[in-house]
Amino acid sequence: MAPPSKTLLISETRAGVLRLGMVMPFVVTMVVLAAVPLVVSDSYFLHLAILLFMWVALGQSWNLLGGYAGQISFGHSAFFGLGAYACGLLFTKAGIPVGFGVLAGGLVSVVAALPIGWICFRLRGPYFSLTILGFSEILRLIVTNWRDLTNGAVGVLFPPVFPSKVPFYFTMLGLAALTTAVCYIVVTSKLGYYFRAIREDEDSAEAMGINAASYKLVALEISAVLTGLVGAVYAAYVAYIDPPGVFSVPDVAIAMVVVAIIGGLGTFVGPLIGAVVVVVLSEVMRTTLGHVHLLVYAAMIMLVVLFMPEGILGFSRRLGRRWRSRVPSIAQQTPGTRGS
Amino acid sequence: MDATILAQTIVAGLLLGGLYALIGVGMSLVFGVMRIINLAHGDLLMVGMYTTFWLFTSWQIDPYVSVVVSAPLLFLLGMIFQKFLVGPVIRSGAPEESLILLTYGIGLALVNVVQLMFTANYRTLYTPYSTATFFVGGVSISVPLVVAFLLASLISAALYFFLIKTGMGRTIRATAQDRDAAFLMGINVDRIYVVTFAIGAALAGAAGSLFLPLFYASPQVGGPFTLKAFIVTVLGGMGSVMGALVGGIVLGLMESLGATYVNNAYRDVIGFVVFILVLLLRPSGLVGKSKV
């Protein structure tokens, strides 16, 4: 396997610098967040935190495929839904404990991602994006219609797994940490360079000996297993799943895209910011605006595409650069140099 | 499996296919000229449906007559979207995925505006001919389906002649073939984009009017139609208007055959399976490569 190009290495040297600088804040944040349930017992607050961790985990796993490997998936609801249903059906139909159900959720997503990836990666760009969306819809229809196995549109109702929200708080926090760590390790490893090389120019990456087809599949598999795990834990948490909910294109698949893009596509901190913005904003809007909140969500998607395509992170960096470059230019504004 | 059932299935499939072709043609035209997959296409169709519904309940205007209102209205809406939302993003050189996301946002906004105006309830429109049928050799044929099919064919034919015979049609085709060359020849590409997107929206609006006597309307009804339009577009070869006609017929036939001989619940799945097979085996579409 040929090493990635030199220019790529130079432009990505920040990753090496970040390695030490990011592990410490990560550990500190985890310790602080793990201590929160000891102090706070407000159920609504814990619920918000669980949602926040879930969207961090989903945003990170989507970002690995979409942001780093450049394969924009509009159909990750397929893996979320499969994970949720694997966990739900194993628990309610076979009595298998939720812990194993969650692992099974990840496993089912991995298995499903193989044929889905094999087919979808024959297409590039928007064709890929929409074909994988098609698969998500197929799965939704199959789950809706296969009533003997899945209860169809009625959905799967769980008996409560835990009486309190605290175990879910820790589980989702753990998942958010796991996905963040996995993305970090992958992105700073050789694999991460291959992903970015494929994103920048698939044909050049191929020409340099990177087997784009298999590495795209690797990116999808990692992304899918993480999404499947999150879906399974979500199912156990909300204790009720139905096909339009967990296989939802707008509420799951597109929301994952929005979380990753709002923060900053292909950045490590992006999904963290995106999750905070989306969860907090949608919660505030839901409580204050009622029915109109979906309209505001739509407006938010359009505004992000229109005004900050590189996300909040890129937007603030651009503002910062503009501000920094303005300072010397003011100093240089002497009559002689102006307009030259 | 006697011959009458087969004939019945094929006739129903062909007629339905004509309607799918109409929504596919609009999406295909927009894709062919602008390279945008318009995820709001089905939602524009939904707006067309509600326009018709509103005209019918307020003034008892016949759904087929209301095409003359819904199509121009959607044309206007399409112009506005292209001028103020899609156009600026195209000019900023954003990747195609951003554009898809933008059209998705437009669609979501349309769904919610309609939901606020008309509530999320399912709406059906009852006309005296809604359930009328006639028989040809033992095969029963639904009157509204035939009328919708004929009008859809008429609109598709009109679009075809517009693209082939008129000056504006020629400039649209030129832009589809080579955007830069068209620009160098003095074609105002931005204006062509506005017109194309508006025509695509108007076709969706017209389809909405034709569909209303056949399908129920709800604000959420657009999504499945967008996917069908996309399938038709891919079947026909992305960006080919003639191809979209073939693609629509094929999808209609497949769904109809699947609903009769496999399972009615899986008719949408069958559409997807055909779509994926075509992508794998003939990525350039059923009728080969051709632009608009």
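As the structure is a prediction and not an experimental result, all values here were calculated from the model.

Basis of the calculations
Residues numbered from 1 in each chain as written. Chains lettered and ligands numbered in written order. Predicted model: local features only at pLDDT ≥ 70, side-chain atom pairs only at ≥ 80, totals over all residues. Helix = DSSP H or I, 4+ residues; strand = E, 2+ residues; numbered from the N terminus. Rg over C-alpha atoms; globule rule 2.2 N^0.38 Å. Contact = placed C-beta atoms within 7 Å. Pairing = 2+ DSSP bridges. Axes fitted to C-alpha atoms, helices over the stretch in contact; angles between N-to-C directions. Parallel < 35°, antiparallel > 145°, perpendicular 65-115°, else oblique. Nonpolar A, V, L, I, M, F, W, Y, C, P; charged D, E, K, R; others polar. Core = buried A, V, L, I, M, F, W, Y, C linked by C-beta atoms within 7 Å. Buried ≥ 20, exposed ≤ 12 C-beta atoms within 10 Å, placed from the backbone. Left-handed = near helix turned anticlockwise from the far one by under 90°. Expected span 1.5 Å × (residues − 1). pLDDT = per-residue confidence, 0-100. Bend = angle between axes of the 7 residues up to and from the residue.

1. A look at the overall build of chain B
Piece 1. The helix and strand tally for chain B stands at eleven helices and two strands.
Piece 2. Since a compact globule built from 292 residues should have a radius of gyration of about 19 Å, the 19 Å found for chain B is in line with a globular shape.
Piece 3. Excluding contacts between residues fewer than 6 apart, the proportion of contacts in chain B whose partners are at least 24 apart in sequence is 78%.

2. A word on the pairing of strand E2 (residues 139-142) of chain B
Residue and element names in this part refer to chain B.
Piece 1. Where strand E1 (residues 133-136) meets E2, four bridges bridge the pair, whose relative direction is antiparallel. What sits directly across from Phe134, in E2, is Ile141.
Piece 2. Once E1 ends, the chain turns through two residues before running back antiparallel as E2, passing Gly137 with a positive phi of about 55°.

3. Examining the packing of helix H8 (residues 166-188) of chain A against helix H11 (residues 212-238) of chain A
All names here are of chain A.
Piece 1. Relative orientation of the contacting elements H8 and H11 amounts to 175°, with a least axis distance of 11 Å. Taken as axis vectors, H8 and H11 run roughly antiparallel relative to one another. Contact residues: Phe168, Thr171, Met172, Leu175, Thr179, Val182 and Val186 in H8; Ile222, Leu226, Leu229, Val230, Val233 and Tyr237 in H11.
Piece 2. A class-by-class count of the residues in the contact of H8 with H11 yields eleven nonpolar, two polar and no charged.

4. Digging into the nonpolar core
Piece 1. Formed by 198 residues in total, the largest nonpolar core has its most connected members in Phe53 and Cys87 of chain A.
Piece 2. Among the elements that line this core, the one with the most residues is H11 of chain A, at 16 residues.

5. A word on the environment of Leu52 of chain A
Residues and elements named next belong to chain A.
Piece 1. Its place among the elements puts Leu52 in helix H3 (residues 43-68).
Piece 2. For Leu52 and Gly105, which are 53 residues apart along the polypeptide, the C-alpha to C-alpha distance reads 21 Å.
Piece 3. Not counting residues up to four positions away in its chain, the partners in contact with Leu52 are Ala275, Val276 and Val279.

6. With respect to the interface of chain A and chain B
Interface size is often expressed as the accessible area that is lost when the parts come together.
Piece 1. Contacts between the two partners involve 29 residues from chain A, matched on the other side by 30 residues from chain B.
Piece 2. The element best represented in the side of chain A that touches chain B is helix H6 (residues 125-145) of chain A, accounting for eleven residues.
Piece 3. Its residues placed into classes, the side of chain A that touches chain B shows 21 nonpolar, six polar and two charged.

7. Concerning the packing of helix H5 (residues 143-165) of chain B against helix H8 (residues 189-211) of chain B
All names here are of chain B.
Piece 1. Interhelical geometry of H5 versus H8 gives an angle of 165° and a closest axis separation of 10 Å. With respect to each other, H5 and H8 are oriented roughly antiparallel. Judged by the sense of rotation from one axis to the other, the crossing of H5 with H8 is right-handed. On H8, the residues that touch Ala148, Leu151, Ala152 and Ile155 of H5 are Leu203, Ala206 and Leu210.
Piece 2. A breakdown of the residues in the contact of H5 with H8 according to their chemical character gives seven nonpolar, no polar and no charged.

8. What to know about H8 of chain B
Piece 1. The first and last C-alpha atoms of H8 of chain B sit 33 Å apart over 23 residues, in line with the 33 Å expected at 1.5 Å per residue.
Piece 2. Burial analysis of H8 of chain B places 19 of its 23 residues in the buried class, the great majority of the element.

9. Digging into the confidence of the model for chain B
Piece 1. Residues at a pLDDT of 70 or more form 96% of chain B, whose mean pLDDT is 82.
Piece 2. On the interface metric, ipTM, the complex scores 0.77, and its pTM is 0.81.

10. Topic: unusual backbone geometry
Residue and element names in this part refer to chain B.
Piece 1. The phi angle at Arg35 is positive, at roughly 55°, despite the residue not being glycine.
Piece 2. Here Arg35 is to be found in the loop between helix H1 (3-34) and helix H2 (41-59).
Piece 3. On the neighbour-count criterion, Arg35 (16 C-beta atoms within 10 Å) is partly exposed.
Piece 4. Its identity is not glycine, yet Gln60 carries a phi of approximately 55°, on the positive side.
Piece 5. Classification of Gln60 as exposed rests on a count of 8 C-beta atoms within 10 Å.

11. Re the confidence of the model for chain A
All names here are of chain A.
Piece 1. Looking at chain A, pLDDT values average 81 and 89% of them are 70 or higher.
Piece 2. At the level of individual helices and strands, chain A shows its lowest average pLDDT in helix H1 (residues 6-11), which scores 40, and its highest in H11, which scores 92.
Piece 3. Here residues 1-17 scores under 50 on pLDDT; set against residues more than four positions off or in separate chains, the count is twelve contacts.
Piece 4. Note that residues 329-340 has pLDDT below 50 and, in this model, two contacts with residues that lie over four places away or in other chains.

12. A few points about the environment of Leu77 of chain B
All names here are of chain B.
Piece 1. Inspection of the secondary structure puts Leu77 in helix H3 (residues 67-91).
Piece 2. Residues Leu77 and Phe197, spaced 120 residues apart in sequence, show a C-alpha to C-alpha distance of 9.5 Å.
Piece 3. Apart from residues lying up to four places away in sequence, Leu77 is in contact with Val47 and Ala201.

13. Quick look at helix H5 (residues 98-120) of chain A
Helical geometry note: an α-helix holds 3.6 residues per turn, so side chains three or four residues apart project in the same direction.
Residue and element names in this part refer to chain A.
Piece 1. Taking 1.5 Å per residue as the helical rise, H5 with its 23 residues ought to reach 33 Å, and the 31 Å between its terminal C-alpha atoms agrees with that figure.
Piece 2. In the structure, H5 departs most strongly from a straight axis at Ala113, where the bend amounts to approximately 30° and where the proline Pro115 lies between one and four residues downstream.
Piece 3. Inspection of H5 places Val98, Gly101, Val102, Ala104, Gly105, Gly106, Val108, Ser109, Ala113, Ile116, Gly117 and Cys120 among the buried residues, and these make up the whole buried set.
Piece 4. Buried residues along H5 sit against helix H4 (77-94), H6 and H11.

14. Some remarks on the environment of Leu229 of chain A
Residues and elements named next belong to chain A.
Piece 1. The residue Leu229 is located in helix H11 in this model.
Piece 2. When the C-alpha atoms of Leu229 and Thr179 are compared, they prove to be 10.0 Å apart, with 50 residues separating the residues in sequence.
Piece 3. Sequence-distant contacts of Leu229, defined by excluding residues within four places in its chain, comprise Gly83, Val102, Gly105, Gly106 and Leu175.

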